[in-house]
Structures are given as structure tokens and as C-alpha cells.
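Descriptive analysis of the structure
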Amino acid sequence: MKMKLLKVALILSLLLFGAQLPTVEASTLDGETTVNLNVRSTASTTGTLITTLPKGTKVKYGTHNQSWHKVYLNNRTYYASAQYIKPLAPAPITTQAASSTGVTTENLNIRVTSHRNAQIVTTLRKGTEVQYAAHNTSWVKVFLNGKTYYAAKAYIAPKVVTATPQKQTGYTNRTIELFNRTLQTSPVVKTIPANRTVTFSIHNSSWSVIYEGTSTFYTPTRGITAGTLQPSVTKENGYANREMKLFETRNQASKVMKVLPINSPVVSSKYNSSWSVVYDGNVTYYTPTAWITPGPAPVQPPTTTTPEPAKVQGYANRNANLFGQTHQSSPVQLVLPQYTAVTYSTHNSSWSVVYIGTKTYFTPTSWLTAGKAPAAPVAAPQGKVFTNTPGDALNVRSAATVSSTVLGKLTHGTEVEHYGLTNGFYKIKYNGRDGFISAAFTMATKPSVPTGTIIVIDPGHGGRDPGALNGSLYEKTVVLDVSKRVEAYLRSKYNYQVRFTRSTDVALTLQQRIDTARNLRGNLFVSIHANAATDSRANGIETFYSNSTAHSARSRVLATNIQNNLVSSMSGTGMQSRGVKTFNYYVITYNSMPSALVELGFISSPTDVVHLRSEASRQRMAEGVAEGIAQYVRAYH
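Here's what I pulled together on the structure shown here. Please read all numbers here as calculations on a predicted model, not as lab measurements.

Turning next to the sheet that holds strand β50 (residues 595–602). As summarised here, the arrangement of the 6 strands in space is β46-β43-β47-β50-β48-β49, forming an open sheet in which the pairing is mixed. Only two strands of the sheet have a single partner each, and these edge strands are β46 (497–500) and β49 (577–582). Each neighbouring strand pair of the sheet contributes to a mean axis angle of 20°, computed without reference to strand direction. As paired elements, strand β43 (residues 454–459) and β46 share 4 bridges and run parallel to each other. Bridge pairing in β46 places Ile454 opposite Gln497. Across the sheet, helix α4 (residues 552–569) touches β47 (524–531), β48 (541–545), β49 and β50, and the angle it forms with β48 is around 170°. Contacts from helix α7 (residues 615–636) reach β43, β47 and β50, with the element oriented near 155° to β47.

Moving on: helix α2 (residues 475–494). The terminal C-alpha atoms of α2 lie 28 Å apart, and with 20 residues this matches the ideal 28 Å at 1.5 Å per residue to within 8%. Considered for burial, the residues of α2 that qualify are Glu475, Lys476, Val478, Val479, Leu480, Val482, Ser483, Arg485, Val486, Glu487, Tyr489 and Leu490.

We now examine the nonpolar core. Judged by nonpolar contacts, the single largest core of 39 residues is most densely connected at Ile455, Ile457, Val486, Leu490, Val526, Leu600 and Ile629. No other element matches the 8 residues that α7 contributes to this core.

As a further point, take the packing of aromatic side chains. Each aromatic ring pair is characterised by the separation of its centres together with the angle its planes make. Applying the stated criterion to the full structure yields 11 aromatic pairs. An angle of 15° between the planes, with centres 5.2 Å apart, marks the rings of Tyr494 and Tyr496 as stacked. By relative accessible area, which is 18% here, Tyr496 ends up buried. Here Tyr586 and Tyr590 contribute two aromatic rings whose centre-to-centre distance is 4.7 Å and whose plane-to-plane angle is 45°, an arrangement assigned as tilted. Classification of Tyr590 as exposed rests on a relative accessible area of 53%. Each member of the aromatic cluster is reached from another via a ring pair, and the members are Phe247, Trp275 and Trp291. One cation-aromatic arrangement involves Lys167 over Tyr211; the distance from NZ or CZ to the ring centre is 4.3 Å. Across from the ring centre of Tyr419, 5.8 Å away, lies the NZ or CZ of Lys429, which sits over that ring.

Spanning 18 residues, α4 covers 25 Å between terminal C-alpha atoms, matching the ideal 26 Å at 1.5 Å per step. All of the buried residues in α4 are Ser552, Ser555, Leu558, Ala559, Asn561, Ile562, Gln563, Leu566 and Ser569. Structurally, α4 contributes buried residues whose contacts are with β47, β48, β49, β50 and α7.

Attention shifts here to the packing of α4 against α7. The description of two helices packed together rests on the angle between their axes and the distance between the axes. Where α4 contacts α7, the two axes come as close as 7 Å, and the packing angle between them is 145°. At the point where α4 passes α7, the crossing takes the right-handed sense. Where α4 abuts α7, its residues Arg554, Val557, Leu558, Asn561, Ile562, Asn565, Leu566 and Ser569 lie against Arg620, Met621, Gly624, Val625, Glu627, Gly628, Ile629, Gln631, Tyr632 and Tyr636. Split into classes, the residues belonging to the contact of α4 with α7 amount to 9 nonpolar, 6 polar and 3 charged.

Contact geometry for α2 and α7: axes closest at 8 Å, N-to-C directions at 50°. Put simply, α2 runs oblique to α7. Relative to α7, the crossing made by α2 is right-handed. Contacts between α2 and α7 involve Val478, Asp481, Val482, Arg485, Val486, Tyr489, Leu490, Lys493 and Tyr494 on the former and, on the latter, Glu615, Arg618, Gln619, Ala622, Glu623, Val625, Ala626, Glu627, Ile629, Ala630 and Arg634. A per-class count over the contact of α2 with α7 returns 11 nonpolar, 1 polar and 8 charged.

Next up on the list: unusual backbone geometry. Phi is positive for Asn195, which is not a glycine, with a value near 65°. With respect to the secondary-structure elements, Asn195 resides in the loop between β17 (188–192) and β18 (197–202). Not every positive phi belongs to a glycine, and Asn431 is a case in point at roughly 55°. Mapped onto the secondary structure, Asn431 falls in the loop between β40 (425–430) and β41 (433–438). According to the relative accessible area criterion, Asn431 is exposed, its value standing at 69%.

Inspection of the entire model under this criterion finds 20 salt bridges. Between Lys86 and Glu32 there is a salt bridge, and its shortest N-O distance comes to 3.7 Å. One end of the pair, Lys86, is in strand β7 (residues 85–87); the other, Glu32, is in strand β1 (residues 29–33), with 54 residues separating them in the sequence. Look at Lys86 and you get partly exposed, because its relative accessible area is 42%.

Here Val482 shows up in helix α2. Owing to a relative accessible area of 0%, Val482 belongs among the buried residues under this scheme. Residues Val482 and Ala622, 140 residues apart in the sequence, show an inter-C-alpha distance of 5.5 Å. Those residues in contact with Val482, other than ones at most four positions away along the chain, are Leu600, Arg618 and Ala622.

Calculation notes
Sequence order as written defines residue numbering, which begins from 1 separately in each chain. Reporting of local features is limited, given that this is a predicted model, to residues whose pLDDT is at least 70; pairs of side-chain atoms are given and counted only at 80 or more, and all residues count toward the totals for whole chains, interfaces and linings. Hydrogen atoms and water are omitted, and side-chain values are computed over all heavy atoms in the structure. Two strands are said to pair when DSSP picks up at least two bridges between them. Under the DSSP-based scheme used, a helix requires at least four consecutive residues in state H or I and a strand at least two consecutive residues in state E, with every element numbered from the N terminus. All axes are obtained by fitting lines to C-alpha atoms, using only the stretch in contact for helices, and the reported angles, taken between N-to-C directions, cover 0 to 180 degrees. Contacts were defined at the residue level, with two residues in contact if any of their heavy atoms lie within 4.5 Å. Working rule for helices: expected span equals 1.5 Å times residues minus one. Think of it in three bands: residues with accessible area under 20% of the maximum for their type are buried, residues over 50% are exposed, and the middle band is partly exposed, with areas taken using a 1.4 Å probe on protein chains only. In this description, a nonpolar core means a group of buried Ala, Val, Leu, Ile, Met, Phe, Trp, Tyr and Cys residues linked to one another through side-chain atoms lying within 4.5 Å. Aromatic pairing here means that ring centres of Phe, Tyr or Trp (its six-membered ring) are within 6.5 Å. Orientation follows from the plane angle: under 30 degrees is stacked, over 60 is edge-to-face, and everything else is tilted. Charges are assigned to positions over rings by a cutoff of 6 Å between ring centre and Lys NZ or Arg CZ, combined with an angular limit of 35 degrees from the ring normal. Handedness of a crossing follows from how the near helix is turned relative to the far one, being left-handed for an anticlockwise turn of less than a right angle and right-handed for a clockwise one. Under the convention adopted here, Pro, Cys and the residues Ala, Val, Leu, Ile, Met, Phe, Trp and Tyr are nonpolar, Asp, Glu, Lys and Arg are charged, and Gly plus all remaining residues are polar. Working rule for angles: under 35 degrees goes down as roughly parallel, over 145 as roughly antiparallel, 65 to 115 as roughly perpendicular, anything else as oblique. The salt bridge definition used is simple: a Lys or Arg side-chain nitrogen within 4 Å of an Asp or Glu carboxyl oxygen.

Put into C-alpha cells, the structure is as follows:
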């Protein structure tokens with residue numbers, strides 16, 4: 001009896017010792033999925049579904065029985081149907097140096113001979129650097145303390161030596177900002193004007209490193225041109241033959257940096273057949289060449305003293321725009337509400353001068369009437385809407401802007417009469433005075449009380465921010481279209497509740513997008529974008545999550561589900577998978593819920609842009625993103 005107890009104790013000791021450290025062995029096989037393959041917690045079709053591996057996924061596996069294989073994922077063992085895993089032929093033996101430096105990729109057993117049952121000398125922790133040489137297709141020789149041992153070849157990776165970045169000379173093709181990190185929301189350390197020589201190296205697909213003495217900074221690569229700065233161009237004097245806008249880049253959709261009045265003298269040089277560079281001190285801008293006339297500005301005829309025009313007391317007989325010049329295409333300076341009393345004088349047969357304080361403006365004479373203004377008629381409501389802010393209240397503001405004073409709040413589902421739409425806001429009556437509410441948070445019918453999961457979709461960019469461009473194709477347009485398709489798919493197939501940070505072509509700050517998601521009581525947040533790069537060869541789909549939040553684990557699952565389903569949906573189109581990545585983009589780092597940011601493809605890629613333009617491909621993209629979201633919702637909600 002004592003001998004039996006001694007044997008049992010010895011066996012338990014060996015089992016406990018073996019369980020102290022998870023290890024891997026050379027018996028693991030390499031395979032590839034032949035279909036989209038379900039991975040389960042047990043060797044049964046009723047086992048819990050862990051994940052679905054897309055067709056063609058490389059896997060590590062081992063035989064369990066005739067019907068099921070063990071599948072090794074993330075240091076855990078799961079099960080999958082054996083008939084849908086195709087074994088891969090072992091890699092051929094390659095000629096190797098007598099001794100190479102490698103790093104263990106798992107906790108690895110070191111044995112006295114090249115056999116899995118051989119005595120274990122020691123176990124090396126994952127990430128340990130070792131000297132090794134080839135032994136056969138499955139085993140390598142490992143050199144420790146002057147002696148030779150053996151270990152599984154599959155779990156030693158060659159040590160990668162990072163190459164020194166290749167420095168090169170270039171110049172700034174615009175005014176660039178230098179950052180301490182590869183993030184444009186980080187503080188700007190300094191600014192370098194256009195046409196300055198710089199020393200730089202490529203950091204990644206979007207960023208470069210700038211070298212100044214012993215200091216290094218980061219800047220977007222698009223602002224740097226490699227090579228030598230071209231010799232100075234020929235500058236010539238001229239003048240603006242119309243009110244001239246000066247742009248940041250050679251695109252009239254880009255930011256207007258300055259506006260010059262007609263006949264303003266300018267110094268310029270030809271950039272190409274359509275555009276010229278305008279010089280303003282050490283700063284350069286771009287403007288269409290057709291807007292510049294060479295030579296001196298025309299001399300204005302000498303002014304003669306004319307009698308001061310007679311001023312008339314009258315009123316605006318409509319909502320009257322006041323302009324700085326006598327044409328309605330010029331900017332509107334002020335708007336006079338109908339029946340406002342004004343002082344004005346005749347300017348010519350069509351226009352009048354309006355006097356407000358010490359300033360003067362122009363307005364069409366037909367918009368003014370002499371005499372005392374009649375009492376303004378009481379405006380009739382033009383319709384009614386319902387507030388749509390699930391779980392929150394809607395601000396009532398004093399003017400049709402998000403920066404105006406908040407007069408009060410309306411609860412979700414409140415019915416209000418409106419008096420027309422201005423700048424995306426409905427005009428309403430609130431506590432006896434005019435107020436304004438955002439039309440984006442209203443609907444024509446009374447909303448139902450929301451239940452269940454609320455999915456917030458964030459179409460990137462919008463309004464004055466077009467995002468990435470390719471000719472007439474704007475990123476903001478593509479992602480809004482795909483976002484609406486995602487919402488329609490989730491609503492019609494799963495009856496999910498989907499809300500937008502924007503559903504129209506409006507500009508939102510990054511913080512406004514986060515605040516909107518929180519105000520909507522969202523349970524998850526997906527920001528949809530299209531990628532771009534200076535190198536047209538860059539292409540493919542990628543999805544990001546932040547690893548710096550309390551929701552990082554679920555965000556990673558959400559991003560992985562979206563990437564896998566989107567790539568699967570676009571299979572056969574030639575679009576590549578760039579994988580799931582971590583990056584601390586603002587909207588997914590500072591959000592209060594699990595969040596992911598998906599890049600549908602590169603608008604700068606000749607192959608990807610075909611699908612970004614295609615209605616059919618956009619629908620496939622939308623369905624892939626939607627199925628990834630649905631897979632996440634089923635797992636966590």
C-alpha cells in the first residue's frame with residue numbers, strides 16, 4: 001500500500017512540475033484553412049464559437065481525433081473541424097551559418113537530444129536571445145554554456161537588427177510644422193517655411209524624421225520633396241484684376257489664407273500653366289494665373305469733390321444682405337431682418353449705401369423702402385419636428401451657431417413648431433423669444449424610446465474639411481455614403497439602433513464627435529475613413545484601435561471583427577489586408593466606449609480608388625463593416 005501511495009505521489013509531482021510553465025513542442029503542425037473556419041472551445045459543433053478564421057488563414061494545429069484538430073491561438077488550445085485544415089509542407093532545410101543569433105518566441109524546452117521525450121535541461125523564457133544552428137527540419141542545435149543541446153526550430157526566430165535610417169537631403173514644398181511625436185494633435189515644436197533645405201529620413205508611410213543639429217523632429221512626409229531645391233524663379237510685378245483669393249495649396253478647395261482687393265499690386269512667378277506663386281514677404285501662397293495682370297495697376301482717375309448724397313430714413317422690406325461691394329457675389333457683411341429701420345442714400349441706379357454707425361455697406365435699392373416701417377406681421381410656423389437625443393437633452397441656442405449662448409434644453413421626443421431652417425438650425429419660440437435648435441438632432445415623427453445597443457457611426461471629415469482627394473473624389477463624400485449603407489444594413493437585417501455623429505456635409509471637431517457619441521449614450525463607436533499616401537503604391541484595408549484606454553481589450557475585438565469581415569467581403573477584388581493596428585487617434589483614444597477606426601482603402605491608390613468610386617464596392621465594404629459590428633454586438637451585448 002505504501003509503495004502505491006509513493007508512486008501516486010511521484011506521478012503527481014511530475015505533473016505539477018510540468019504544469020508550472022507553458023511550453024511548446026515540435027509536434028505542432030502548420031496548416032491552412034480551406035474555408036471560413038469556425039474555431040470552438042470543445043471538439044463539438046455545440047462548443048462555444050471563439051472566432052471564425054477567414055479562408056486561407058495559416059494556423060498551428062495538432063491531431064485530436066479523426067474529425068477534429070486542436071488549433072493553437074494566442075497561447076490557448078481550441079478545436080476545429082479537421083477536414084477544413086490543409087497541412088502545409090515543411091519548409092526546406094536552408095544552408096545556415098555555423099551559429100546564428102535568435103530569440104525565443106515562446107517559453108521553450110531545451111533538451112539533451114532532438115526528441116520530444118528527451119530529458120529537459122532547462123526552459124528558456126519567451127524573448128530569450130540564444131545562439132543556434134540548423135539540425136533538421138524540426139530541430140536546431142542550441143549552444144549554452146559551451147555545450148550543445150536541442151530545441152524545437154519553430155519557436156526560435158532570427159534576431160532582427162534595425163537598419164540605420166537613410167538620411168537624405170530635400171526641401172519643404174510648403175510651410176511645415178515639426179512635432180515631437182507622429183501625431184498632428186501633439187504640440188507644434190517649431191515651423192519651417194516653404195522652400196527651405198532640410199535633412200530627413202523616412203519614418204513610415206506617412207511621416208518623416210527631420211534632423212536639426214543633434215535634435216530630431218517628426219513631420220508629415222507630404223510637406224517634403226527629396227532632392228535639391230530648384231533655382232529661384234523669375235518674379236514679376238502685376239496686379240489683381242479681381243478680388244483675389246490666396247490659397248494654401250494649388251487647389252481652390254484648399255484653405256484661403258488671404259484675400260486681396262481688386263487692383264492690389266502683387267509680386268508673382270509662374271508655377272505652371274494654370275497657377276502662380278504669390279510672394280508676401282517671406283510667405284508664399286498660390287492663386288490662379290488668370291487672376292493676375294502683368295504690369296502696374298491702372299491709375300484711378302483723380303477724384304472730384306461731389307456733394308454728399310442725401311440720406312433717407314427707411315426700412316428693409318425683406319431680410320436684406322449688406323455687402324462690402326456693389327455685387328451680390330461678394331461676401332455678406334451683415335443681414336438686416338425685415339422691417340429694420342435704416343438710414344441710406346442712393347449709390348447708382350441699382351444700389352444704395354446703408355449707414356450703420358461709422359460704417360457703410362451696399363445693398364440693392366429694391367430691398368429698401370423710404371418711410372416708417374410697418375409693424376412686422378406675426379410669423380406663422382412652417383412645420384413641426386421632434387427632438388431626437390436619446391438619453392440626453394437638446395440645447396436651445398440664441399443664434400444658429402454651436403458657439404452661441406445656450407438659452408435652455410429640450411428633452412428627447414419634445415414636439416416643437418419651427419419657423420424655417422437657417423445654417424442647419426431650426427428657428428423656434430422658446431420662453432417668449434427666438435431660439436435655435438440643431439436640425440441634426442430632430443426628426444419628422446416622434447421617436448421611439450431607444451432600447452438595446454446603440455451603435456455610433458462617425459463618418460470622417462465633412463464640410464470645409466474634404467479629407468483626402470483624388471480629382472473630384474472627396475474622402476468626406478465616400479465615407480458618408482458608406483456610413484449610411486452600414487446604418488441601413490444593420491437596421492434592416494438586425495434591427496440595431498445606429499446613430500451618426502454627422503449625417504450631412506458638415507464640419508465637426510474631433511471633440512464634438514466624442515461629445516456627440518457620449519450624448520447619444522452610445523455603446524460602441526466606429527469612425528470610417530479612406531486612406532491616402534504620397535506613394536501611389538500604398539494600398540489596402542486596415543483597422544485601428546487605441547491601446548491607451550480602459551476599453552482597449554474590447555476595442556481590439558471590435559477592430560479585429562471589422563477588419564476580418566471587411567477583408568472577407570472584398571475578397572476577389574484585389575484589395576489587400578494591411579491588418580489590425582494600434583494607434584492613438586484622438587476619436588478612439590479619448591472616447592468613453594469601445595472604439596475602432598477603419599480605413600476602407602487608399603484614395604491615392606490606382607487599384608483601391610476604383611472600388612472607392614464604385615457603388616457596388618461601397619455596398620460590399622458597408623456590409624463587411626456592418627457584419628464586423630454585428631459579430632461584436634452578439635459577443636458583448
